[in-house]
Amino acid sequence: MSLGIRSGSYGSLEKQLQQINGISPIQTGRKASKMLKEKDRSLNWIFKFAGRKKVGMLLLSLISAVVFVWVLYVGKGEDSQEGNSVQNISVNESVSLSNSPPMITMTTAMGFKTNLILPPFPPRYFMGYTLPPGHPCNSFTLPPPPADKKRTGPRPCPVCYLPVEEAIALMPKFPSPSPVLKNLTYIYEENLSRDGEFGGSDFGGYPTLKQRNDSFDIQESVSVHCGFVRGAKPGRNTGFDLDEDDLVGMEQCRGIVVASAIFGNFDEINEPSNVSEYSRKTVCFLMFVDEITEEYLRSSGKMGISKKVGLWRIIVVRNIPYTDARRTGKIPKLLLHRMAPNARYSIWLDGKLELVVDPYQILERFLWRKNATFAISKHYKRFDVFTEAEANKAAGKYDNASIDFQIDFYKNEGLTPYTEAKLPIISDVPEGCVIVREHVPISNLFTCLWYNEVDRFTSRDQISFAVVRDKLISRVDFHLTMFLDCERRNFVVQKYHRDLLLKLAAPVSVALSPPPPPLPGLETLPEKASVRRNPGKHRRAGSRRHRKVVAGNRDIEAN
């Protein structure tokens, strides 16, 4: 039984089948071989039970099945290659991101090649992980503080770190999700307008209060002031200018950055310790200094032509935008993502601190294990912004009138004293000398807005932290975590400022003065030579010699 021949613009189905089998239409009248007859019979038998439409659906189903199997195979292969090497740790990650839509070339049963362009895969994000049951860090609790009445101030406490090798293996392959915000751009203004209400600078711009309020309106794409407003690229003719080789070097930092700064030759450089060989090769250690500090480092022989001091790469900043060294230090502290645009994670340390734990262990403990994108320690003693402001005024940290003006402004915006109603937020006051963060759009926006408050108001960033944080978390799920100050003191050691170190190192000189003249009417007699019963023994340190006084003058001695 055979199918009837239908005419059409593309020829009959029988002719197409004959061409596929290598038989020209001219040969159809000839006697076919036994093998060709069997093929024709099998095809005719298939088409007997499936019409043209069903055959097309069969082919589409076959193609879909092949595509589905291919996606599963590729996805499984990627997961197996990119999975963490640490065993028994559950990592949650979504499907991967492809730069271009995948293309599959298939050959249909009819002999035609078809290129299938699949839709792009959704982005792949790091969604956190959990340590296996029974892991010591799961049940780790802080021991009670030692009962030492002589030492009541802040002190370090134990922290459960993973071994360096495990922490390195757990570094996420993909970034954390940035809620709502996907594209963050920065405002560039060559001609600055100083018509704003108050605050601002040539370096940070002069945003109006309306621009400030709009910057907290989180959308998919946001453009904000974030320093370096007068230059097409941060570090070039913007104020806070950097050498070209330093800019290129920071662009090559694609993993972890540990950064610090010393301005005004205020601190000594502290060399990190307990750093693994892998971290020495893969982590960028950046120390920002001004020209005064650079001159000291060269004159003291601590820095040569290599611009290296131990692990630190010394980056000299020229055209400092502020006269206040503390305010200048907020630029690398909060705007590091602008100078190292390709870095994924950073750890900021104030210049007085010495790092004593490997950077991978710190990031694993305070970011990756917590599934956080920003981590900072709370103040060891104060947790209320109003209390912090009064402490700054009492210590003379800044002009009191400026602090009062900033606090009153925040009050009018709705800032209230800290209470337990804010839980799970544990404090409104950070100990801002250490910042651990991931460079994703939402955390970059947070530090930009925090810097803008420092630029507009006082340089005391601990006062403005809670305002920016609360405005941000009221709009998006910003994964910010605050940890204990004693945990911070576990991985950094606080040193004295350089001026105090010089005073402590100075030798103590004792000026010898002549003995005072005797009192009127008081006559002293020469002391008798002391005779030791045992020459081998020395007189006790606590013993004293008394002068003999004549009997008539005893009342004078008693007075």
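Counting restarts for each chain, with residues numbered from 1 along the sequence as it is written. For this predicted model, a pLDDT threshold of at least 70 governs which residues receive local features, and a threshold of 80 or more governs which side-chain atom pairs are given and counted, while totals over whole chains, interfaces and linings are taken from all residues. Water and hydrogen atoms play no part in the side-chain values, which are based on all heavy atoms of the structure.

If you check an unreviewed UniProt entry, the chain appears there as TOD1/MUCI70 glycosyltransferase-like domain-containing protein from Lupinus luteus.

Draft legend 1. Spatial organisation of the environment of threonine 185. Counting through the fold element by element, threonine 185 comes out in strand β5 (residues 183–186). Spatially, the C-alpha atoms of threonine 185 and serine 221 are 7.8 Å apart, while their sequence positions differ by 36 residues. Other than its neighbours up to four places away in sequence, threonine 185 contacts Val222, Ser223 and Val224. Helix and strand definitions here come from DSSP, where helices need a minimum of 4 consecutive H or I residues and strands a minimum of 2 consecutive E residues; each element is numbered from the N-terminal end. Residue contacts are defined here by distance: any two heavy atoms, one from each residue, within 4.5 Å place the two residues in contact.

Draft legend 2. Main features of the environment of threonine 447. Note that threonine 447 resides in helix α14 (residues 441–456). Partly exposed describes any residue whose relative accessible area lies between the buried limit of under 20% and the exposed limit of over 50%, with all areas from a 1.4 Å probe on protein chains only and scaled to the type maximum. Note on threonine 447: relative accessible area 1%, which makes it buried. Through-space distance from the C-alpha of threonine 447 to that of arginine 437 is 10.0 Å; in sequence the pair is ten residues apart. When near neighbours in sequence (up to four residues on either side) are disregarded, threonine 447 contacts Leu334, Leu335, His337, Phe374 and Arg437. Between N or O atoms, a polar contact is any pair within 3.5 Å; within protein, one atom must be a potential hydrogen donor and the other a potential acceptor, and residues adjacent in sequence are included only when both atoms are from side chains. In this structure the side chain of threonine 447 is engaged in a polar contact, spanning 3.0 Å, whose partner is the backbone oxygen of asparagine 444.

Draft legend 3. Focus on the pattern of salt bridges. When a carboxyl oxygen of Asp or Glu is within 4 Å of a side-chain nitrogen of Lys or Arg, the pair counts as a salt bridge. A complete count under the given rule lists 28 salt bridges for this structure. Notably, a salt bridge pairs lysine 307 with aspartate 246, separated by 3.0 Å at the nearest N-O pair. Of the two residues, lysine 307 is situated in the loop between α8 (291–299) and β10 (308–309) and aspartate 246 in helix α6 (residues 244–251); the sequence distance between them amounts to 61 residues. A residue is classified by how much of its surface remains accessible, and aspartate 246, at 1% relative accessible area, is buried. Through salt bridges with shared partners, a single network forms among Asp243, Asp246, Glu291, Lys307, Arg313 and Arg318.

Draft legend 4. View of unusual backbone geometry. The omega torsion of the bond from leucine 423 to proline 424 falls at 15 degrees, within 30 degrees of zero and hence cis. Its location among the elements puts proline 424 in the loop between α13 (400–413) and β15 (430–438). Although it is not a glycine, phenylalanine 228 adopts a positive phi angle of roughly 55 degrees. Counting through the fold element by element, phenylalanine 228 comes out in the loop between β6 (221–224) and β7 (241–242). A residue is classified by how much of its surface remains accessible, and phenylalanine 228, at 2% relative accessible area, is buried. Despite not being glycine, asparagine 237 has its phi angle at roughly 55 degrees, a positive value. Tracing the sequence through the fold places asparagine 237 in the loop between β6 and β7.

Draft legend 5. Quick look at the environment of arginine 344. Residue position: arginine 344 is located in the loop between α10 (336–339) and β12 (345–349). Counting along the chain gives 170 residues from arginine 344 to phenylalanine 174, while the straight-line C-alpha distance between them is 9.6 Å. Setting aside chain neighbours within four positions, we find arginine 344 in contact with Met171, Pro172, Lys173, Phe174, Pro175, Arg254, Gly255, Arg437, Glu438 and His439. At 3.4 Å, the side chain of arginine 344 forms a polar contact with the backbone oxygen of phenylalanine 174.

Draft legend 6. Layout of α8. Residues of α8 that are buried include every one of Thr293, Glu294, Tyr296 and Leu297, and no others. Viewed along the axis of α8, the buried residues span an arc of 160 degrees, placing them on a single side of the element. Counted as exposed and oriented over 90 degrees from the buried face of α8: Ile292, Glu295 and Ser299. Just beyond α8, the residue with positive phi is glycine 301, at close to 80 degrees. Here the arc refers to the directions that run from the helix axis out to each C-beta atom.

Draft legend 7. Region of interest: the packing of helix α9 (residues 325–334) against α14. Between N-to-C directions, angles span 0 to 180 degrees; the directions come from axes that are lines fitted to C-alpha atoms, helices contributing only their stretch in contact. Their axes nearest at 10 Å, the elements α9 and α14 cross at an angle of 175 degrees. Put simply, α9 runs roughly antiparallel to α14. Facing α9, whose interface residues are Arg327, Lys330, Ile331 and Leu334, α14 presents Thr447, Trp450, Tyr451, Val454 and Asp455. In this scheme, roughly parallel covers angles under 35 degrees and roughly antiparallel covers those over 145, while 65 to 115 is roughly perpendicular and the rest are oblique.

Draft legend 8. Structural context of the packing of aromatic side chains. Pairing of aromatic side chains here covers Phe, Tyr and the six-membered ring of Trp, requires ring centres within 6.5 Å, and sorts the geometry by plane angle: under 30 degrees stacked, over 60 edge-to-face, intermediate tilted. Within this structure, the stated rule accounts for 27 aromatic pairs. Here phenylalanine 285 and tryptophan 312 contribute two aromatic rings whose centre-to-centre distance is 5.8 Å and whose plane-to-plane angle is 90 degrees, an arrangement assigned as edge-to-face. Of this pair, phenylalanine 285 sits in strand β9 (residues 283–289) while tryptophan 312 sits in strand β11 (residues 312–318), and the two are 27 residues apart along the sequence. One exposure class covers both phenylalanine 285 and tryptophan 312, and it is buried. A centroid spacing of 5.3 Å and a plane angle of 45 degrees characterise the contact between phenylalanine 446 and phenylalanine 478, whose relative ring orientation is tilted.

Draft legend 9. Spotlight on the nonpolar core. Counting 51 residues, the largest nonpolar core has Phe240, Met250, Val257, Phe288, Leu445, Phe446 and Trp450 as the members making the most contacts within it. Take this core: its biggest share by element is eight residues, from α14. The contacts of tryptophan 450, once residues within four sequence positions are left out, are Leu334, Phe374, Ile376, Ile435, Asp461, Ser464, Phe465 and Val468. With 49 residues, the next largest nonpolar core counts Phe126, Met171, Val357 and Val492 among its residues. Nonpolar core, defined: a set of buried Ala, Val, Leu, Ile, Met, Phe, Trp, Tyr and Cys residues in which side-chain atoms within 4.5 Å join the residues together.

Draft legend 10. Geometry of the state of the cysteines. Note on terminology: disulfide denotes any pair of cysteine sulfur atoms within 2.5 Å. This model, assessed by the stated rule, comprises four disulfides. Here cysteine 137 connects covalently by a disulfide to cysteine 160, the sulfurs 2.0 Å from one another. Judged by the sign of its S-S torsion, about -80 degrees, the cystine formed by cysteine 137 and cysteine 160 is left-handed. Residue cysteine 137 is found in the loop between β4 (126–130) and α4 (164–169), and its partner cysteine 160 is found in the loop between β4 and α4; the two are separated by 23 residues along the sequence. For the pair shown, cysteine 137 and cysteine 160 are each scored as buried. At a sulfur-sulfur separation of 2.2 Å, the disulfide partner of cysteine 157 is cysteine 486. When the S-S torsion is 70 degrees, as for the bridge of cysteine 157 with cysteine 486, the disulfide is right-handed. With a gap of 329 residues between them, cysteine 157 in the loop between β4 and α4 and cysteine 486 in helix α16 (residues 485–491) connect regions that are remote in the sequence. Note on cysteine 157: relative accessible area 11%, which makes it buried.

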